[in-house]
Amino acid sequence: MSLKRIAPSVLAADFANLQRDVEMINNSDADWFHIDIMDGVFVPNISFGMPVLRDIVKHASKTIDVHLMIVNPDRYIQTFADLGSDILTVHYEACTHLHRTLQAIKAAGMKAGVALNPHTSVNLLEDTIQDIDMVCLMSVNPGFGGQNFIENTYHKVAVLKEMIEHKNANTLIEIDGGVTNKNAKQLVDAGADVLVAGSYVFKAEDPVTTVKELRKLVN
Ligand code: DX5
Ligand code: ZN
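Residues numbered from 1 in each chain as written. Chains lettered and ligands numbered in written order. Predicted model: local features only at pLDDT ≥ 70, side-chain atom pairs only at ≥ 80, totals over all residues. Heavy atoms only, no water.

Caption draft 1: Summary view of the coordination of the zinc ion (ligand 2). Within the protein, the zinc ion (ligand 2) binds to His-34 (NE2), Asp-36 (OD), His-67 (ND1) and Asp-176 (OD); these donor distances fall in the range 2.0 to 2.3 Å. Taken together, the six donor atoms surrounding the zinc ion (ligand 2) define angles of 70 to 169° at the centre, an arrangement classified as octahedral. Along the chain, the residues that donate to the zinc ion (ligand 2) are spaced as H-x1-D-x30-H-x108-D. In this pair, Asp-36 sits in strand 2 (residues 32-38) while Asp-176 sits in strand 7 (residues 172-176), placing the two residues 140 residues apart along the sequence. Asp-36 gets classed as buried once you look at its relative accessible area, which sits at 5%. (Donors = N, O, S within 2.8 Å, 3.2 Å for Na, K, Ca; no water. Tetrahedral: all angles 85-135°; square planar, octahedral: opposite > 155°, others 65-115°. Helix = DSSP H or I, 4+ residues; strand = E, 2+ residues; numbered from the N terminus. Buried < 20%, exposed > 50% of the residue type's maximum accessible area, 1.4 Å probe, protein only.)

Caption draft 2: Geometry of helix 8 (residues 207-218). Given a rise of 1.5 Å per residue, 12 residues ought to cover 16 Å, and the 17 Å separating the end C-alpha atoms of helix 8 matches this to within 8%. Listing the buried residues of helix 8 in full gives Pro-207, Thr-210, Val-211, Leu-214, Arg-215 and Val-218. The buried residues of helix 8 occupy an angular sector of 135° when the element is viewed end-on, so they sit on one face. Against strand 1 (5-8), helix 1 (18-26), helix 6 (184-190), strand 8 (194-197) and helix 7 (199-202) lie the buried residues of helix 8. (Expected span 1.5 Å × (residues − 1). Arc of directions from axis to C-beta. Contact = heavy atoms within 4.5 Å.)

Caption draft 3: Main features of the site of ligand 1. Lining the immediate environment of ligand 1, one finds 20 residues, of which Asp-36, Gly-143, Asp-176, Gly-198 and Ser-199 sit closest. Note that an oxygen atom of ligand 1 is positioned 2.7 Å from one of the side-chain N or O atoms of Asp-36. Within the backbone of Gly-146, a nitrogen or oxygen atom sits 2.8 Å from an oxygen atom of ligand 1. Relative to its unbound accessible surface of 380 Å², ligand 1 loses 98% to contact with the protein. Listing elements by their share of the shell around ligand 1, those giving two or more residues are strand 2, strand 3 (63-69) and strand 8. The class makeup of the residues in the shell around ligand 1 is eight nonpolar, 10 polar and two charged. (Near = heavy atom within 4 Å. Polar contact = N/O pair within 3.5 Å; in protein donor to acceptor, adjacent residues only side chain to side chain. Areas by Shrake-Rupley, 256 points an atom, 1.4 Å probe, with all protein chains shown as cover. Nonpolar A, V, L, I, M, F, W, Y, C, P; charged D, E, K, R; others polar.)

Everything listed here is a matter of coordinates, which is why it stays silent on function.
Written out as structure tokens, the structure is:
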């Protein structure tokens, strides 16, 4: 089985000690930094924007996985490339011309991801899956950390995994929202490649050990 990735979501970090928390993840068994950008329009919350990402990137030594929860993501593709994003994920529900958006993300030198809200069927990706480097399945309604995992996600992972194999695509499956030691193994067994974990990691008494234990469960 291929190596699974753990991606702590910086949304749950202590923003007054951001450098400390970024360095903590650098020195942990985590693989990626998951960065949640919210605009208060696509989702009912505003997180942080470009200046904060710029300072995260200054200290981060791992892959930068940016999850855009914004309308009109096309406007900012080049900006996020310039800021140092390695993967740029846009929401299916926010893209009228998804295929074009994916090409633009790749042309800017990044991997292209598509996120699906809990109500959006994975079958809608049948005609684009070969152009998608990663599908992010939202296992909570986007907008906030610390919500409960939606159980239907297991089914979506399995259907998506089958589609990817059937189409001979090279797409990673990322799970975002409510990931803990209670669901990590079952998600990976169903076909997940990347697990985002916000509160479970950052609100733990010992985040480094928490990441290490999560990794043991899934590898
Ligand atoms: C939700 C964000 C998630 C969030 C996950 O809108 O996309 O990445 O930070 O946080 P937890 O792991 O606390 O559910
Ligand atoms: Zn996210």
